[in-house]
Amino acid sequence: MRVKIRVTGIVQGVGFRPFIYRIATKNKLTGYVRNRGDAGVEILVEGTEKNVKRFIEQLQMKKPPLAQIHQVLVESLSGEQAYSNFSILKSSKETELSGSVVPPDVAICNECLTELRNPRNPRHAYFFITCVNCGPRFTIIERLPYDRQNTTMRQFSMCTFCQKEYTDPANRRFHAQTVACPKCGPEAYLTTNKGERIDCEDPVREAGKLIAEGNILAIKGYGGFHIATSTLLSEPIAKLREVKYRSQKPFAIMARSIEAVRRFAKVSPEEEELLLSHIRPILLVRKKEKFPLSDLIAPGLHTVGVMLPYTGMHYMLFDKVNEPAFVMTSANPPNQPIINNDKAALKKLGNFVDYFLFHNREIAQRCDDSVVRLHGKNQSIIRRSRGYAPAPIRLKTHVSKTALGLGGELNVTGCIMLGNKAFLTQHIGDVENLETLQFLKEAVYHLARLINAEIEAIACDLHPKFSTTRLAENLGAQLNVPVLKVQHHYAHTAALMAEHNLDELICIACDGYGYGEDGGAWGGEIIYAQQSGTWSFKRLAHLEQHTLLGGDLATRYPLRMAAAILAKETSPEKLWEWLKTQKEKFPYGEVEIQLLMQQIEKERKYPKFLTSSCGRVLDAVAAILGICSERTYEGEPAMKLEAIATKGKEALSLKPEINGNSLITSNMVKEVFLNRGKASVADLAFSAESYLARGLATLAIEKALELGVKNVGFTGGVAYNEHITLTIKRIMEEAGIQFFVHRLVPPGDGGISFGQAIIAGFAE
Ligand code: ZN
Ligand code: ZN
Ligand code: FE
């Protein structure tokens, strides 16, 4: 019997050909296996029918752990046996299939880690130790098929020792494209902040010592540069905050081991499992009551973002020091993508780091660390990047058109919907300037090439001024395909529904801002959505609208939001009196407050700038409680409010007040205001969140009953809030309603592109 088999999925760069080689020879088959230009694998086998059948069975049952098989296409061949043995052939360039892809980067495996520590192993203490089961993949591949010459390992020719392992079917590095050793592979070296090489025998461990001593280092990794410094000394962190213009935004840290994490954070078994998984994301874990690391790492937050070492180099950084963890934050200038080449690093980081730890391998694709949080056992992805991208999310439904979604403006990703698979790019960032827009463009092109996709429709946000909207229009014209503009919260809703294969949903979509269908600022929405062939959406209800006093300034200075809301139920005199006590928190002091009072008067008569944003209500509460009066990063007031609320309990017990199709919030804000000093800040923070959660749930249940819908979902950035999410969940369970949250795509704006693409994929 002779058959040709084509396998699609994630089958290159995961040890698939060596695996095929082994099961083919075990089953006494002859023929070949080879990689194809479309990221798939092609196999030809000859042998007895029984053996061929068993081979095909084993192919699917015993696949390597990192492989993902989407399709196995078997085709019988006629003719005589043509091969006398089984071999791995040179890759073909054929690209007729689409939808296969290269794997994400994989954290160092235990076998490599053991070798790294073994003084008798030739790769003892070699920072770039990898094998067929681990190492960089997505970030190293320039084009397909996945052969060494198509990766940035091209320049390193294997020594005889590596070559021997590479060609030995019994070896773990049989056909491992990243195989390298100290003799033939990439080299790490230390330089001054001007790029002058520092002579030193053990540069990686020396770098670890320099970090522990309080220096700031830029470290080149798999998908970009990190900036590292001590977690015990506050001075270098303070300096880092100053030079990075990040006065408050939390820094991620890398802990030396899981035991070290347990010493400064409370981690559940599920959290430990995720921390130790081959994805190795940054996980937001709860700080211990007495936090032994510097308070400057994650000021005002109850969580800290921690990851474990995921390369040989990372492990070695800790070898000569006792530090439990290092600050390890992406090196990117404000609003620009993560730095991925040496020259840019020297230019953009040289003036504030003390040293560089470079290596001489180029980075093909930049890729930030992923960020995840667990709500109980459910994973809530904040940033889906290294370890996840570009592996697809597989859905139950197939789109009718291959569609590209380009996201919104903040936390952007791109997404290509192809068949029943959603391919999301790595995290791109806030697309507010040319560099990030260029990064988005390149990432999308690269992804389309990798999966062999031909774009038939493009979707973007409804906002006419987003640069992603303009990019969509340009690309649409260039490719001559339709461009669909999708309302922000409809995209959030579609993402949630597609993830759970739902055709109907009452969705609570809460975040900071999304351009509404009416041109208004939405952000606290109850949406009915239906998917039957095409999608339809209806905004059923929303949070009470409030004035954004001074437009964008109201987002930056939440006291303005507080003033706008309080003005509804408080006399101007009382409001003026209180605002004056807050005057140091306004950049222009009393003058600004006077102007604010005039604006309030004007807005009362001719309201402009109204918003139904949930984020802005949380901001206002945070400002009133003195938790945050200037937002220096996205979500800051709400995150700090959540941190304090974790220590609180219900103090107000307000019944949700619903007026027509809106949930009133000014009553709650006023109660918080009036109870300052009577109830604790933590209790009031808790009560505010609880009111919003209960109110949104009440409104959603009301609508669900009205329309006879059995499913309610929760999406948008506010869904990261554990207290709000779990409160809504509890209420839904009590009401016997199925409740859905995200698991695979971010509830925040990183999931927008996915929602857009799934809508465009079904559009006529
Ligand atoms: Zn390995
Ligand atoms: Zn070698
Ligand atoms: Fe959003």
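Residues numbered from 1 in each chain as written. Chains lettered and ligands numbered in written order. Predicted model: local features only at pLDDT ≥ 70, side-chain atom pairs only at ≥ 80, totals over all residues. Heavy atoms only, no water.

This part takes up the side chain of T178. Looking at the element boundaries, T178 is found in the loop between α4 (160-166) and β6 (188-192). Owing to a relative accessible area of 1%, T178 belongs among the buried residues under this scheme. With residues up to four places along the chain from it excluded, the contact list for T178 reads F128, T130, C131, C134, P136, R137, I140, Y146, R148 and M153. (Helix = DSSP H or I, 4+ residues; strand = E, 2+ residues; numbered from the N terminus. Buried < 20%, exposed > 50% of the residue type's maximum accessible area, 1.4 Å probe, protein only. Contact = heavy atoms within 4.5 Å.)

Distances from the iron ion (ligand 3) to its protein donors, H488 (NE2), H492 (NE2), D511 (OD) and D749 (OD), fall within 2.1 to 2.3 Å. For the iron ion (ligand 3), the four donor atoms in the first shell make angles of 89 to 170 degrees at the metal, so the coordination geometry reads as irregular. Read N to C, the donor residues that coordinate the iron ion (ligand 3) are spaced as H-x3-H-x18-D-x237-D. Separated by 23 residues along the polypeptide, H488 in helix α13 (residues 488-500) and D511 in strand β24 (residues 504-515) bring together distant segments of the chain. Each member of the pair H488 and D511 is classed as buried. (Donors = N, O, S within 2.8 Å, 3.2 Å for Na, K, Ca; no water. Tetrahedral: all angles 85-135°; square planar, octahedral: opposite > 155°, others 65-115°.)

Moving on to the sheet that holds strand β23 (residues 483-486). Sheet architecture is open: six strands sit in the order β18-β21-β20-β19-β22-β23, paired in mixed fashion. Here the strands that pair on one side only, and so sit at the sheet edges, are β18 (393-394) and β23. Across two bridges, β18 lies against strand β21 (residues 421-424) in antiparallel orientation. The partner of R394 across the bridge, within β21, is K421. Strands β19 (403-405), β20 (415-418) and β21 of the sheet are contacted by helix α11 (residues 434-451), whose axis makes an angle of about 25 degrees with β20. Docked against the sheet, helix α12 (residues 467-479) engages β19, β22 (457-461) and β23, running at close to 165 degrees with respect to β22. (Pairing = 2+ DSSP bridges. Axes fitted to C-alpha atoms, helices over the stretch in contact; angles between N-to-C directions.)

Per the domain assignment, the segments making up the chain are domain 1 (2-88), domain 2 (188-359) and domain 3 (546-740). Taking only C-alpha atoms, the centre of domain 2 and the centre of domain 3 are 35 Å apart. Each side of the interface is counted separately: domain 2 has 10 residues, and domain 3 has 10 residues. Counting across the domain 2 and domain 3 interface gives zero salt bridges. Applying the counting criterion to the domain 2 and domain 3 interface returns one residue pair in polar contact (both at pLDDT 80 or more). (Domains from an automatic or database assignment. Salt bridge = Lys/Arg side-chain N within 4 Å of Asp/Glu carboxyl O. Polar contact = N/O pair within 3.5 Å; in protein donor to acceptor, adjacent residues only side chain to side chain.)

Taken together, the side chains of Y588, V591 and L595 make up a nonpolar region of the molecular surface, amounting to roughly 360 Å² of accessible area. Counting through the fold element by element, Y588 comes out in the loop between α16 (572-581) and α17 (589-605). Classification of Y588 as exposed rests on a relative accessible area of 65%. (Patch = residues over 30% accessible without salt bridge, like charges linked within 9 Å, V, L, I, M, F, W, Y side chains within 5 Å. Areas by Shrake-Rupley, 256 points an atom, 1.4 Å probe, with all protein chains shown as cover.)

What follows covers α11. Residues spaced three or four apart along an α-helix face the same direction, because each turn holds 3.6 residues. For α11, which comprises 18 residues, the first-to-last C-alpha distance of 26 Å matches the rise-based estimate of 26 Å (1.5 Å per residue) to within 8%. Among all positions of α11, only T436, L437, F439, L440, A443, V444, H446, L447, A448, L450 and I451 are buried. Where α11 is buried, its residues touch β19, β20, β21 and α12. Of the residues one or two after α11, N452 is the one with positive phi, at around 60 degrees. (Expected span 1.5 Å × (residues − 1).)

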